[in-house]
Amino acid sequence: MEYNFKEIEQKWQSYWKNNAIYHVEIDNNRPKYYVLDMFPYPSGAGLHVGHPLGYIASDIFSRYKRLQGFNVLHPMGYDAYGLPAEQYAIQTGQHPEITTFNNINRYREQMDKIGFCYDWKREVRTCDPEYYKWTQWAFIQMFDHWYNKKEDIARPISQLIEIFNEQGNAQVTAASADTTIFTADEWKNMGEKKQRDILMNYRIAYKADTMVNWCPKLGTVLANDEVSEGLSIRGGYPVEQKVMSQWCLRVSAYAQRLLDGLDKIDWTESLKETQRNWIGRSEGAEMKFKIANSDKYMNVFTTRADTTFGVTFMVLAPESEYVAEVTTDEQKNAVNEYIDAVKRRTERERIADKKVTGVFSGAYAINPFTNEQIPIFISDYVLAGYGTGAIMAVPAHDSRDYAFAKHFNLPIIPLIEGCDVSKESYDAKEGIMMNSGFMTGLSVKDAITTAKKYITEKGIGKVKINYRLRDAIFSRQRYWGEPFPIYYKDGQPYTLDETCLPLELPEIDKYLPTETGEPPLGRAKNWQTKDGYPLELNTMPGFAGSSAYYLRYMDPHNDKALVNKDVNLYWKNVDLYIGGTEHATGHLIYSRFWNKFLFDLGLICKDEPFEKLINQGMIQGRSNFVYRIIGTNKYVSYNLKDKYETQGIHVNVNIVSNDILDIEAFKNWMPEYKDAEFVLEDGKYICGWAVEKMSKSMFNVVNPDDIIKKYGADTLRLYEMFLGPLEQSKPWDTNGIDGVHRFLKKFWGLFFNGESVAISDVEPTAEELKSLHKTIKKITSDIEHFSYNTSVSAFMICVNELSQMKCNKRMILEPLTILIAPFAPHIAEEMYSMLGHKTSVCDAKYPEYDDKFLIESKVKYPISFNGKVRFTIELPADTDKAEVERIALSDSQTEKYTEGKTPKKVIVVSGKIVNIVL
RNA sequence: GCCUGAGUGGUGGAAUGGUAGACACGAAGGACUUAAAAUCCUUUGGUCAGUGAUGGCUGUGCGGGUUCAAGUCCCGCCUCAGGUACCA
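Residues numbered from 1 in each chain as written. Chains lettered and ligands numbered in written order. Predicted model: local features only at pLDDT ≥ 70, side-chain atom pairs only at ≥ 80, totals over all residues. Heavy atoms only, no water.

(A) Quick look at the overall build of chain A. Looking only at helices and strands, chain A has 29 helices and 35 strands in total. Oriented by its inertia axes, the alpha-carbon framework of chain A measures out at about 100 × 85 × 75 Å. Burial analysis of chain A (918 residues in total) assigns 53% to the buried set. Contacts in chain A between residues far apart in sequence, at least 24 positions, make up 70% of those at least 6 positions apart. Within the structure as shown, chain A displays about 42100 Å² of accessible surface, and the carbon and sulfur contribution to it stands at 49%. (Helix = DSSP H or I, 4+ residues; strand = E, 2+ residues; numbered from the N terminus. Buried < 20%, exposed > 50% of the residue type's maximum accessible area, 1.4 Å probe, protein only. Contact = heavy atoms within 4.5 Å. Areas by Shrake-Rupley, 256 points an atom, 1.4 Å probe, with all protein chains shown as cover.)

(B) Region of interest: the environment of Thr 516. Structurally, Thr 516 is set in the loop between strand E19 (492-495) and helix H16 (542-546). Within the local environment of Thr 516, its side chain forms a polar contact with the side chain of Thr 514, the two groups lying 3.0 Å apart. (Polar contact = N/O pair within 3.5 Å; in protein donor to acceptor, adjacent residues only side chain to side chain.)

(C) Quick peek at the nonpolar core. Within the largest apolar cluster, 187 residues are counted, with the highest numbers of intra-cluster contacts made by Met 111, Leu 249, Phe 474, Phe 751 and Tyr 788. Looking at which element gives the most residues to this core, the answer is helix H5 (residues 129-143), with 9 residues. The residues contacting Met 111, other than those within four sequence positions of it, are Leu 47, Tyr 55, Met 76, Tyr 78, Phe 116, Tyr 118 and Trp 120. (Core = buried A, V, L, I, M, F, W, Y, C linked by side-chain atoms within 4.5 Å.)

(D) How the structure looks around the environment of Ala 844. Mapped onto the elements of the fold, Ala 844 is located in the loop between helix H27 (825-834) and strand E32 (858-865). The sequence separation of Ala 844 and Leu 67 amounts to 777 residues, and the corresponding C-alpha distance is 6.1 Å. Beyond its immediate chain neighbours, meaning those up to four positions away, Ala 844 contacts Leu 67, Ile 818 and Tyr 832.

(E) Spatial organisation of the pairing of strand E14 (residues 373-378). The buried fraction of E14 amounts to 5 of the 6 residues, a majority that puts the element mostly inside the structure. Relative to E14, strand E12 (residues 313-316) is paired through 3 bridges, and the arrangement is parallel. Bridging across to E14, Val 315 finds its partner in Phe 377. Linking strand E13 (residues 359-366) to E14, which pair antiparallel, is a turn of 6 residues; within it Asn 371 sits at a positive phi near 60 degrees. (Pairing = 2+ DSSP bridges.)

(F) Representation of the packing of helix H21 (residues 704-711) against helix H22 (residues 713-722). Contact geometry of H21 with H22 gives a least axis separation of 7 Å together with a crossing angle of 120 degrees. As judged from the angle between their axes, H21 and H22 are oblique. Taking contact as the criterion, the partners of Pro 704, Ile 707, Ile 708 and Tyr 711 in H21 are, on H22, Ala 713, Thr 715 and Leu 716. Split into classes, the residues belonging to the contact of H21 with H22 amount to 6 nonpolar, 1 polar and no charged. (Axes fitted to C-alpha atoms, helices over the stretch in contact; angles between N-to-C directions. Parallel < 35°, antiparallel > 145°, perpendicular 65-115°, else oblique. Nonpolar A, V, L, I, M, F, W, Y, C, P; charged D, E, K, R; others polar.)

(G) The pattern of salt bridges, seen in detail. Using the criterion set out here, one finds 43 salt bridges in the structure. Put simply, Arg 400 and Asp 398 hold a salt bridge, and the shortest N to O gap is 2.6 Å. For Lys 774, the salt bridge is made with Glu 801, and the minimal N-O distance between the two is 2.8 Å. On the criterion of sequence distance, the pair formed by Lys 774 in helix H24 (residues 766-784) and Glu 801 in helix H25 (residues 788-804) is long-range, its members being 27 residues apart. (Salt bridge = Lys/Arg side-chain N within 4 Å of Asp/Glu carboxyl O.)

(H) Up close: the sheet that holds strand E35 (residues 913-917). If you walk across this open sheet you meet the 4 strands as E33-E32-E35-E34, and the pairing is mixed. The open sheet has two free edges, formed respectively by strand E33 (868-876) and strand E34 (905-909), since each of these has just one partner strand. Shown here is a sheet whose adjacent strand axes are inclined to one another by a mean of 20 degrees, direction ignored. Judged from the 5 bridges that link them, E34 and E35 form a sheet pairing that is antiparallel. Note on E35: the bridge partner recorded for Ile 907 is Asn 915. Across the sheet, helix H28 (residues 881-890) is in contact with E32, E33, E34 and E35; its angle to E34 comes to roughly 125 degrees.

(I) Spatial organisation of the protein's contact with RNA strand B. By nearness alone, 52 residues border RNA strand B, and Ser 270, Thr 303, Tyr 386, Arg 400 and Lys 912 come closest of all. Sugar and phosphate atoms form 62% of the subset of RNA strand B atoms that lie within 4 Å of the protein. Within the side chain of Ser 270, a nitrogen or oxygen atom sits 3.3 Å from a sugar or linking oxygen of RNA strand B. Taking Tyr 897, its side chain carries an N or O atom lying 3.2 Å from a phosphate oxygen of RNA strand B. A class-by-class count of the residues in the surface near RNA strand B yields 19 nonpolar, 17 polar and 16 charged. (Near = heavy atom within 4 Å.)

(J) Region of the structure containing the sheet that holds strand E5 (residues 205-215). The antiparallel open sheet is built from 4 strands, whose spatial order is E6-E5-E9-E17. Here the strands that pair on one side only, and so sit at the sheet edges, are strand E6 (220-222) and strand E17 (472-473). With 3 bridges joining them, E5 and E6 adopt antiparallel strand pairing. The residue bridging Trp 214 from the neighbouring strand is Val 221, located in E6.

(K) Structural detail: H27. Extensive coverage of H27 is indicated by the burial of 9 of its 10 residues. Listing the buried residues of H27 in full gives Pro 825, His 826, Ile 827, Ala 828, Glu 829, Glu 830, Met 831, Tyr 832 and Met 834.

(L) Summary view of the side chain of Lys 730. Within the fold, Lys 730 resides in strand E29 (residues 730-731). Despite its burial, Lys 730 pairs with no opposite charge; the closest candidate is Glu 720, at 7.8 Å N-O. A polar contact of 3.3 Å, which involves the side chain of Lys 730, links it to the backbone oxygen of Gln 728. Not counting residues within four places of it along the chain, the set of residues in contact with Lys 730 comprises Leu 53, Met 618, Ile 619, Gln 620, Leu 723, Gly 724 and Pro 725. (Lys, Arg positive; Asp, Glu negative; His and termini not counted.)

(M) Local environment of the state of the cysteines. The tally for this structure, following the rule as stated, stands at 0 disulfides. Left without a disulfide partner, Cys 215 is nearest to the cysteine sulfur of Cys 248, which lies 18 Å away. The cysteine Cys 798 is free of any disulfide, with Cys 807 supplying the nearest cysteine sulfur at 8.6 Å. For Cys 798, a relative accessible area of 1% gives the class buried. (Disulfide = S-S within 2.5 Å.)

(N) Layout of the packing of aromatic side chains. Applying the stated criterion across every chain, the model contains 73 aromatic pairs. Ring centres of Phe 309 and Phe 438 lie 5.8 Å apart, and the angle between their planes is 70 degrees; on these two criteria the pair is classed as edge-to-face. One end of the pair, Phe 309, is in the loop between strand E11 (297-302) and E12; the other, Phe 438, is in the loop between helix H14 (399-408) and helix H15 (444-458), and 129 residues separate them in sequence. What makes Phe 309 buried here is its relative accessible area of 12%. Ring plane angle 55 degrees and centroid distance 5.2 Å describe the contact between Tyr 479 and Tyr 511, whose orientation is recorded as tilted. Of the two residues, Tyr 479 sits in the loop between E17 and strand E18 (486-489) while Tyr 511 sits in the loop between E19 and H16, which places them 32 residues apart along the sequence. Overall, the relative accessible area of 1% leaves Tyr 479 in the buried class. (Phe/Tyr/Trp six-rings, centres within 6.5 Å; stacked < 30°, edge-to-face > 60°.)

(O) Fine view of the pairing of E18. Pairing of E18 with E19, which is carried by 4 bridges, proceeds in the antiparallel orientation. In the sheet register, Lys 489 faces E19, and the bridge partner there is Gln 492. The hairpin turn running from E18 into E19, its antiparallel successor, is 2 residues long, and Asp 490 in that turn takes a positive phi close to 55 degrees.

(P) Up close: the side chain of Glu 830. Take Glu 830: it is sitting in helix H27. Here the side chain of Glu 830 touches Trp 12 through a polar contact of 2.8 Å, side chain to side chain. In this structure Glu 830 touches Ile 8, Lys 11, Trp 12 and Trp 748, once residues within four positions along its chain are discounted.

This is how it looks when you write it as structure tokens:
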């Protein structure tokens, strides 16, 4: 009987749908398990063969857990807001919602064909008002909370107001912008407007003038993780620094907890390391430097307080507030000129150009250790956003300071014995101090401690920990995003009442900024509250909707809460999260922050959202080439191309099979190839190949639909897993897919004798049982380790063995069918029903292996001499070591290798190997 | 520069410190067939010797080391991929 995958797959996909096989509800009698995929942005191109890799892996694990008796939550949804749909809207006038819905339908169709076990009743879409109501709601909570650093928890703003009313802000330790100290009386007398301005400095969602990444081409600001090397990640447009008033999230308040949390979760070390670097904790000191002939001070952050004796100048970032304070009249023109020049350059240019630039401010500071006057410079190698935007320069021991000192001819004082600073700085944190007053003779490590103690005692500064992690810019000057639940009264932002949520995205006539430069929402009619107050015109960024979506899946239709507390107590958090590594510093930081905030509010029970995380590797494209003889329309086969002067041209991989070109298809591919001629080898045209990104322009995109049409979904699923380790990047190469398909056919064949089903109830042989149990053991351990490529091999080995034995016994085939069900669910369902079952294989009992079938009565011992294996002998498994040694030494072949010498030593590893050392 | 991975046949890849190359693709040869498809069988890291069974040498990016034994552990490099970058 032929393996008719098309019929089988359609049959079971509709069975699953009609019987709600994948619908999940809370079941207190079964332990829960939550498997999550990073939900996709539904792009216009549809899924290519790389996208489902992680989905297949998580699907296998979900089905495996279900077979083991877990109540598995495995949902899917769409990250539906995004720039491409809006860009398309700008070009065509089509509402982004229509584009998005069409794309979602396409995605859904493609996913359904692969046979995933998602509970689609739980689907979420970030652009659905029912969903983004809770995104807006969370924003209101963040607006209404501040971060108490002493207790390390978010607290209601109302509580902060109480404290201000009672004692002012002197005792408050909050994550906040610098605020001046005020008393309770001052607070009470300052009026509502001033009070709200001050509270804004404390809110977790706050509006502030900040240096933002402004992308003129996209017409919006971007978060740090949306920018790479001065270009926007989406689109690759230049990004510049600009001060703007924007909504921000105080992610930095959670920096330490985000760092500490990493130690408690099961993520790959590389991903945790990426997050640690992104958070960028550095321990150091904040020191006060007095400005000469003035009573003003400057604060600097340094991790090397021990090098203060070598500070020979100071440097300010061009954007620093200190610049205006210290610049002397004589230098004003030069400084302004420099700052203008810096502004004109994009960040990209600043990074690309390593040339030293800077200008003297005219002012001097006083080194608190030496009391000497040192000049204050302004240079763009100091960043405004990090530390205090001002540094103390130690040219002998910092390469950037060194370059600056050389350029401006400033003194360089070496502080470490034996270091040579005539050519370059000595940046290492080791050695013995010199030229360092009370620290001379100490090791660097001790000097750092001593210096910190000294500055604390003398009141020069304080010990401080700095983080690189910046607050997230949360506004976008765009249309296709969540509206803010904010209105303005007297220019002050206020939140809408929760009962007004969701605040739905209004219709507009054009998806462009207004004539006056307002964001697109400025075009909306009646964009105001009932009382006529204007609503916020910005919308939220992409990561807003994706930060808590995993919570919403638990309780997707609840209109009273983001997630019901009891429901959350059952599902808790995600046990297994599978997705791409590109979200390491964006989504995976934001959602951890968002989760911790909700945890602080007591709304959810876990402070980390994702217990275990696996990054699936990228599937790269494998491109094919034809070689055109330059100046002709003649193409030379790969191995003959060096005889001609040729040019490689990408050719559509879908008309190439095993690197052999389908010549007719090629001629019909594009009009210019219609009259192409060929130089063949062995009557074939062999194409060249290369591994590149999978993209339209390389003609190497492979669509899962095409594979499914040709081989079926089960083959696609198995083949994607068979390709290699899940976490490794690998090229998609259709060449091997036949082997996997053949395997399924072979497995299928075991159930048949000719055209009829023939399953025997005869007791299996020891050999058959061994083959089965060995496979159960291997598959189980492979699934636990996400080593799916070796699972597929193990299935192949087992089926090969059973075919050899012509095994058609129920007691073997049934457990094997259940075992393969997570990998190839359609064929497994069909075989399970052929075995006489009336229920879905999804709810079968996972087979367990029994070691007793695996015991070998005999062991093959490789006999090696000085580590080189020469021959093997077979012995009963229970032969003891001494006996093995005796037999090995007395074997007739041993003589040949000992060459008469007496072995120095004989090593016998029971059941493994014998090594005779000569 | 720094951080994290990875380098094994023609290809994808396998291997708790214990016979390197499982499994699969491809290739070559054969069986079945009028033929093709499908299926099945044999061979397949390199090299040398032998008619042959077989045997020798060599081989996991490079150079050292630890060990009875190293693809695997340690030290030093090289190459590739991803992340990050004037972070004081």
